[in-house]
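Overview (structure and organization)
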Amino acid sequence: IAGITQAPTSQILAAGRRMTLRCTQDMRHNAMYWYRQDLGLGLRLIHYSNTAGTTGKGEVPDGYSVSRANTDDFPLTLASAVPSQTSVYFCASSTGLAGGNTGELFFGEGSRLTVL
Amino acid sequence: GQQVMQIPQYQHVQEGEDFTTYCNSSTTLSNIQWYKQRPGGHPVFLIQLVKSGEVKKQKRLTFQFGEAKKNSSLHITATQTTDVGTYFCAGPRRGSTLGRLYFGRGTQLTVWP
């Protein structure tokens, strides 16, 4: 089934550990994004990538890193997890249009991360 | 801070009543998108508005983009239990390059049967 696949679905992690959330899309979309969702705060952009080989910082990038080695994959890494990074993480992709128009975002099912 | 402010945060209605959520920005938006997220689910795209004063309808849902392109609204006529969920607006930061789409905090809609 075409779309976005995130892994793991959920994870409990000890503080200080390194964690990579995986995201793969098979729609050949240029743009990909990582958001975190916390109760009452909506969706906040962590990092984004307009095209393979480029990445950019969103609203809340601290403590996170991303890479975009190819079109399909956009992993999010927490180098040393802290409890404040407990959240639901959503990966998304879009065709990415000109003039600041992202186009429709397609979201994955989310990864629920708990840092103890 | 948030690029777009969304109100109300919560709305509880009885089935059959109307519902409206509002999205406001301090700066002009080139476009605005609306998403719906069902409880336990992921956001799903509803619509994008681009033109000043634009109005679009999807069955019982009416979307508006303000003349100044600083505000938007989503109105649901005669709500149904299937409308339950959180509705988000999202817009690009002014002058931003492609990729920076920022979401409001959402309006959580509860519908009583």
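Described in the following lines is the structure provided in the data block.

Parameters and conventions
- Residues numbered from 1 in each chain as written.
- Chains lettered and ligands numbered in written order.
- Predicted model: local features only at pLDDT ≥ 70, side-chain atom pairs only at ≥ 80, totals over all residues.
- Heavy atoms only, no water.
- Helix = DSSP H or I, 4+ residues; strand = E, 2+ residues; numbered from the N terminus.
- Rg over C-alpha atoms; globule rule 2.2 N^0.38 Å.
- Buried < 20%, exposed > 50% of the residue type's maximum accessible area, 1.4 Å probe, protein only.
- Polar contact = N/O pair within 3.5 Å; in protein donor to acceptor, adjacent residues only side chain to side chain.
- Contact = heavy atoms within 4.5 Å.
- Salt bridge = Lys/Arg side-chain N within 4 Å of Asp/Glu carboxyl O.
- Nonpolar A, V, L, I, M, F, W, Y, C, P; charged D, E, K, R; others polar.
- Disulfide = S-S within 2.5 Å.

1. A word on the overall build of chain A
In terms of regular secondary structure, chain A is built from zero helices and 11 strands. When the helices and strands of chain A are read in sequence order from the N terminus, they spell out β-β-β-β-β-β-β-β-β-β-β. The C-alpha radius of gyration computed for chain A amounts to 13 Å, which stays within 12% of the reference 13 Å derived for 116 residues, consistent with globular compactness. Summarising its shape, the C-alpha atoms of chain A cover approximately 40 × 30 × 25 Å along the three principal directions. The proportion of buried residues among the 116 residues of chain A is 51%.

2. Topic: the side chain of B:Q33
Here B:Q33 lies in strand β4 (residues 32-37). In terms of polar contacts, B:Q33 uses its side chain to reach the backbone carbonyl oxygen of A:G103, at 3.1 Å. A distance of 2.8 Å separates a polar atom in the side chain of B:Q33 from a polar atom in the side chain of B:Q48. Those residues in contact with B:Q33 that sit more than four places away from it in its chain are A:N101, A:T102, A:G103, A:E104, A:L105, B:F45, B:I47, B:Q48, B:F88, B:C89, B:A90 and B:L101.

3. What to know about the side chain of B:Q6
Residues and elements named next belong to chain B. Its location among the elements puts Q6 in strand β1 (residues 4-7). A distance of 3.4 Å separates the side chain of Q6 from the side chain of T21, its partner in a polar contact. There is a polar contact of 3.0 Å between the side chain of Q6 and the backbone nitrogen of G106. Residues in contact with Q6, not counting those within four places in the same chain, are T21, Y22, C23, W34, Y87, F88, C89, G104, R105, G106 and T107.

4. Points about the interface of chain B and chain A
Across the contact, 24 residues belong to chain B and 26 residues belong to chain A. Counting the contacts that link chain B with chain A gives zero salt bridges. For the pair chain B and chain A, the number of links is five residue pairs in polar contact (both at pLDDT 80 or more). Elements represented by at least two residues in the side of chain B that touches chain A include exactly β4, β5 (44-49), β9 (85-92) and β10 (101-103) of chain B. Across the side of chain B that touches chain A, the residue classes tally to nine nonpolar, 13 polar and two charged.

5. Some thoughts on the state of the cysteines
Tallied over the full model, the rule gives two disulfides over all chains. The residue that forms a disulfide with A:C23 is A:C91, at a sulfur-sulfur distance of 1.9 Å. Since a negative S-S torsion denotes a left-handed disulfide, the A:C23-A:C91 link at about -75 degrees is left-handed. Taken together, the residues A:C23 in strand β3 (residues 19-25) and A:C91 in strand β9 (residues 87-94) connect sequence positions 68 residues apart. Assigned by exposure class, A:C23 and A:C91 land together as buried. Between B:C23 and B:C89 runs a disulfide, and the two sulfur atoms are separated by 2.0 Å.

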